[in-house]
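Structural description and commentary
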Amino acid sequence: MENILKTIEEKHLIKKGEIVAVACSGGADSMALLHKLKSLEADLGAEIIAVTIDHSIRQAGATDATFVEDFCKQNKIRCYKFKVDVPKLAMAKAISLESAGREARYGIFDALLKKGVANRIAIAHHEQDQAETILLHLFRGAGLSGVRGMEFKKDEHYIRPLLNTTKKEIFNYLKDNNLEYVEDETNAENIYTRNFLRNEIFPLLTKKWPNVTNALINFSKSVTEDDDYINDNLNDSALLINENTAQIPLSYFMYSNAVINRIIFKAFHAIGVGVDIERKHVEAIKDLACKENGKKINLPLGVIAHKEYEYLTLTRKKFTNETFYAELKCGETIVPHFGKIIVKRVKDYIQKSGVLYIDAKKLPKGAMWRFRKESDFIEKFGGGTKKLKSFLIDKKIPQRERDILPVLAFGNEIFAVAGVEISEKVKVEDGVKSALKIEVYKQ
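Read on for a plain summary of the structure.

Calculation criteria
- By convention here, each chain's residues receive numbers from 1 onward along its written sequence.
- For this predicted model, a pLDDT threshold of at least 70 governs which residues receive local features, and a threshold of 80 or more governs which side-chain atom pairs are given and counted, while totals over whole chains, interfaces and linings are taken from all residues.
- Side-chain descriptors were evaluated using all non-hydrogen atoms of the structure, hydrogens and water having been removed beforehand.
- Two rings belonging to Phe, Tyr or Trp (six-membered ring only in the last case) form a pair when the distance between their centres is within 6.5 Å. Interplanar angles under 30 degrees mark stacking, angles over 60 mark edge-to-face geometry, and anything in between is tilted.
- Where helices and strands are cited, they refer to DSSP runs of H or I of at least four residues and of E of at least two residues respectively, numbered from the N terminus.
- Relative accessibility under 20% of the residue-type maximum defines a buried residue, over 50% an exposed one, and the middle range a partly exposed one, all with a 1.4 Å probe and only protein chains included.
- Patches draw on residues past 30% relative accessible area with no salt bridge. Two like charges within 9 Å are joined, as are two nonpolar side chains (Val, Leu, Ile, Met, Phe, Trp, Tyr) within 5 Å.
- Note that accessible areas follow from Shrake-Rupley with a 1.4 Å probe, and for residues the cover is restricted to the protein chains shown.
- Every case where a carboxyl oxygen of Asp or Glu lies within 4 Å of a side-chain nitrogen of Lys or Arg is listed as a salt bridge.
- Think of it this way: Lys and Arg go in the positive column, Asp and Glu in the negative one, and His and the chain ends go nowhere.
- Each charge is placed at NZ for Lys, CZ for Arg, CG for Asp and CD for Glu.
- Only strands that DSSP links by at least two bridges are regarded as paired with each other.
- Angles run from 0 to 180 degrees between N-to-C directions of axes, and those axes are lines fitted to C-alpha atoms, restricted for helices to the stretch in contact.
- Put simply, buried Ala, Val, Leu, Ile, Met, Phe, Trp, Tyr and Cys residues joined by side-chain atoms within 4.5 Å make one nonpolar core.
- It only takes one pair of heavy atoms within 4.5 Å for two residues to be counted as in contact.

1. Considerations on the packing of aromatic side chains
- Tallying each qualifying case throughout the model produces six aromatic pairs.
- Centre to centre, the rings of Tyr 106 and Phe 109 are 5.5 Å apart; their planes meet at 80 degrees, and the pair counts as edge-to-face. Separated by three residues within a single helix, Tyr 106 and Phe 109 lie in helix 6 (residues 97-114), roughly one turn from each other. The same class applies to Tyr 106 as to Phe 109, namely buried.
- When the ring of Phe 109 is compared with that of Tyr 158, the centres are 6.3 Å apart and the planes differ by 55 degrees; the resulting orientation is tilted.

2. So, a nonpolar patch on the surface
- A surface patch of nonpolar side chains, amounting to about 300 Å² of accessible area, comprises Leu 138, Phe 139 and Phe 219.
- With respect to the helices and strands, the residue Leu 138 is situated in helix 7 (residues 127-139).
- Relative accessible area serves as the criterion here: at 37%, Leu 138 is assigned to the partly exposed category.

3. Concerning a positive patch on the surface
- Taken together, the side chains of Arg 345, Lys 347, Lys 361 and Lys 433 present a region of like positive charge at the surface.
- Residue Lys 361 is classed as exposed on the basis of its relative accessible area of 82%.

4. Focus on the sheet that holds strand 22 (residues 435-442)
- Taken in spatial order, the four strands of this open sheet run 13-14-22-15, and their pairing is antiparallel. A single partner strand is all that each edge strand has here, and the edge strands are strand 13 (331-335) and strand 15 (356-358). Across the sheet, the axes of successive neighbouring strands diverge by a mean angle of 25 degrees, strand direction being ignored.
- Note that strand 14 (residues 339-346) and strand 22 share eight bridges and pair antiparallel. Across the sheet, the residue bridging to Val 343 is Ile 438, located in strand 22.

5. Some details on unusual backbone geometry
- Here Ser 56, not a glycine, exhibits a phi torsion of approximately 60 degrees, which is positive.
- Here Ser 56 lies in the loop between strand 2 (47-54) and helix 4 (61-74).
- The exposure class assigned to Ser 56 is partly exposed, which follows from its relative accessible area of 24%.
- Within the chain, Asn 178 stands out as a residue other than glycine whose phi angle is a positive 50 degrees.
- Topologically, Asn 178 is positioned in the loop between helix 9 (167-176) and helix 10 (193-208).

6. Structural notes on the nonpolar core
- Counting 47 residues, the largest nonpolar core has Ile 121, Ile 248, Phe 268, Ile 285 and Leu 314 as the members making the most contacts within it.
- For this core, the secondary-structure elements that each account for two or more residues are strand 1 (19-23), strand 2, helix 5 (86-93), helix 6, strand 8 (245-249), helix 12 (257-270), helix 13 (279-288) and strand 11 (311-315).
- In terms of residue count, helix 6 provides more of this core than any other element does, seven residues in total.
- For Ile 248, the contacting residues outside a window of four places in its chain are Leu 239, Phe 253, Ile 260, Ile 263, Ile 264, Ala 267, Glu 310, Tyr 311 and Leu 312.

7. Things to note about the sheet that holds strand 1
- Here six strands make up an open sheet; going across it, the order is 3-2-1-4-6-5 and the pairing mixed. Single-partner strands in this sheet number two, and they are strand 3 (79-83) and strand 5 (153-154).
- For strand 1 and strand 2, the ladder comprises five bridges, and the chain directions are parallel. Bridge pairing links Ala 21 to Ile 49 in strand 2.
- On the sheet, helix 4 packs against strand 2 and strand 3 and is oriented at approximately 170 degrees with respect to strand 3.

In structure tokens:
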């Protein structure tokens, strides 16, 4: 493990003055990483802390977390201990324990980063982990982007200083420094995909080809060079991305598979999905792009793909039939799953996309913000009454947004659809001294 400092410097993994949290389970790999980084604190000019998580999967999970906590106390390392109910999360989201555990861990890590408790999260993936990951991605039908393996640095905040360190080097380090560690008994359970690969497949491969780990890693390096070249020349400027949604223009699906496949993977990564996506899911999205408008498919990790007008949209949101009512007032109104509405009384009317102006004097007393109902109707701006459902279709509002779009209503009559249009009945006439300005900010 003597090459770790060189790796950190060459890959620019840690900057002076940063706080680096080591994700530590108490196992051999993470204990070696925690101890080594702590010994390098002065050279790095950084503070090393620890994060340990009991996933509530194993009875020994709490004991292992306490083991890490005690080690940190003895070695004057700041330690943060968490407990999460991964089986409950897996059941609620209908995902595997592996996926739920990863989601729970990274949720905690992201929170620590957001709160400024740490600037980097150090993960103890090593050379054999890298080889296993490459092979897993191959078996799952991943393209070049999948088999390039794990990066030394991901999203700037996640680092893997041990990626070019062998398992043998780790065990030698533990022995040389008299470091204890805990054994996770579930590592022997081959019901888990990675365990099966590690315990059953890799020993056979190594017996036949002793250099298989290095061969896979070298293959990954070659793939990474090719993939980087293609991505650098990828024209995806029309891809629309926000925190929970990625929209791919349908025109992109006329590109070659080498291009559209990468754009689809980029869309997944944009909404925080970087695992459990296989070739079959990419093909399903391409098939959906050829279907009629309004069709959708369910994908792993709660992702839903929608065919909507000129876009193929990926979203991770799952909306419920939640009740929402709010009085019309000046100021900010939070709308569940949507964002917020800001209402101001103004004298100047500057026309801007998504901004509405209404004459409050024309509104019936008691008009309120709410979500749409089946029997709603609106008198269109310019005249003519229409069912709200048909009105939203005419306005090309995506189906996934219709049930969470706030409307200003009295009874079943709609006087404004936030961010879309107002009713003819509340339009601002010439000579009106003031009006209500309605702006929306989607989350």
